[in-house]
Amino acid sequence: MCEMNAYLVTDGHEKEVMQDVAVISVEGGNITLTDILGQQKTLKARIRELKLLEHKIYLD
């Protein structure tokens, strides 16, 4: 499986916001993360970095 964990970066600190992210949708200034069970979380953020080999999404 290739799910990723999403982290919100604020003032240099990482806070995990969702595990097992399967889908990332971007609309305007919002990002909607959907996990493998279909649960969603929408954040006013932008993608800062994707570390594919580490399965991590960094948002700010």
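First, a word on what this report is: a plain description of the structure on this page. For clarity, every value in this text was computed on a predicted model and none was experimentally measured.

### Focus on the overall build of the protein
- The number of helices and strands found in the protein is zero helices and six strands.
- Taken from the N to the C terminus, the helices and strands of the protein come in the order β-β-β-β-β-β.
- In terms of principal-axis extent, the alpha carbons of the protein reach across some 30 × 25 × 15 Å.
- Burial statistics for the protein: of 60 residues in total, 30% are counted as buried.
- A separation of at least 24 residues holds for 26% of the contacts in the protein among residues at least 6 apart in sequence.
- On the protein, roughly 4,300 Å² of surface is accessible, and the fraction owed to carbon and sulfur atoms is 49%.
- Computed over 7 positive and 10 negative side-chain charges, the separation of the two mean positions in the protein equals 6 Å.

### A closer look at the side chain of Thr32
- Within the fold, Thr32 resides in strand β3 (residues 30–35).
- Judged by its relative accessible area of 17%, Thr32 is buried.
- There is a polar contact of 3.0 Å between the side chain of Thr32 and the side chain of Thr42.
- If sequence neighbours within four positions are ignored, Thr32 has contacts with Val23, Ile24, Ser25, Gln40, Lys41 and Thr42.

### What about the environment of Gln39?
- In this structure, Gln39 sits in the loop between β3 and β4 (40–44).
- Residue class for Gln39 comes out exposed when judged on its relative accessible area of 51%.

### Topic: a nonpolar patch on the surface
- A contiguous nonpolar patch, built from Ile24, Val26, Ile47, Leu50 and Leu52 and spanning about 430 Å² of accessible area, is present on the exposed surface.
- One can find Leu52 in the loop between β5 (47–51) and β6 (56–59).

Reading the values: the criteria
Residues numbered from 1 in each chain as written. Predicted model: local features only at pLDDT ≥ 70, side-chain atom pairs only at ≥ 80, totals over all residues. Heavy atoms only, no water. Helix = DSSP H or I, 4+ residues; strand = E, 2+ residues; numbered from the N terminus. Buried < 20%, exposed > 50% of the residue type's maximum accessible area, 1.4 Å probe, protein only. Contact = heavy atoms within 4.5 Å. Areas by Shrake-Rupley, 256 points an atom, 1.4 Å probe, with all protein chains shown as cover. Lys, Arg positive; Asp, Glu negative; His and termini not counted. Charge placed at Lys NZ, Arg CZ, Asp CG, Glu CD. Polar contact = N/O pair within 3.5 Å; in protein donor to acceptor, adjacent residues only side chain to side chain. Patch = residues over 30% accessible without salt bridge, like charges linked within 9 Å, V, L, I, M, F, W, Y side chains within 5 Å. Salt bridge = Lys/Arg side-chain N within 4 Å of Asp/Glu carboxyl O.

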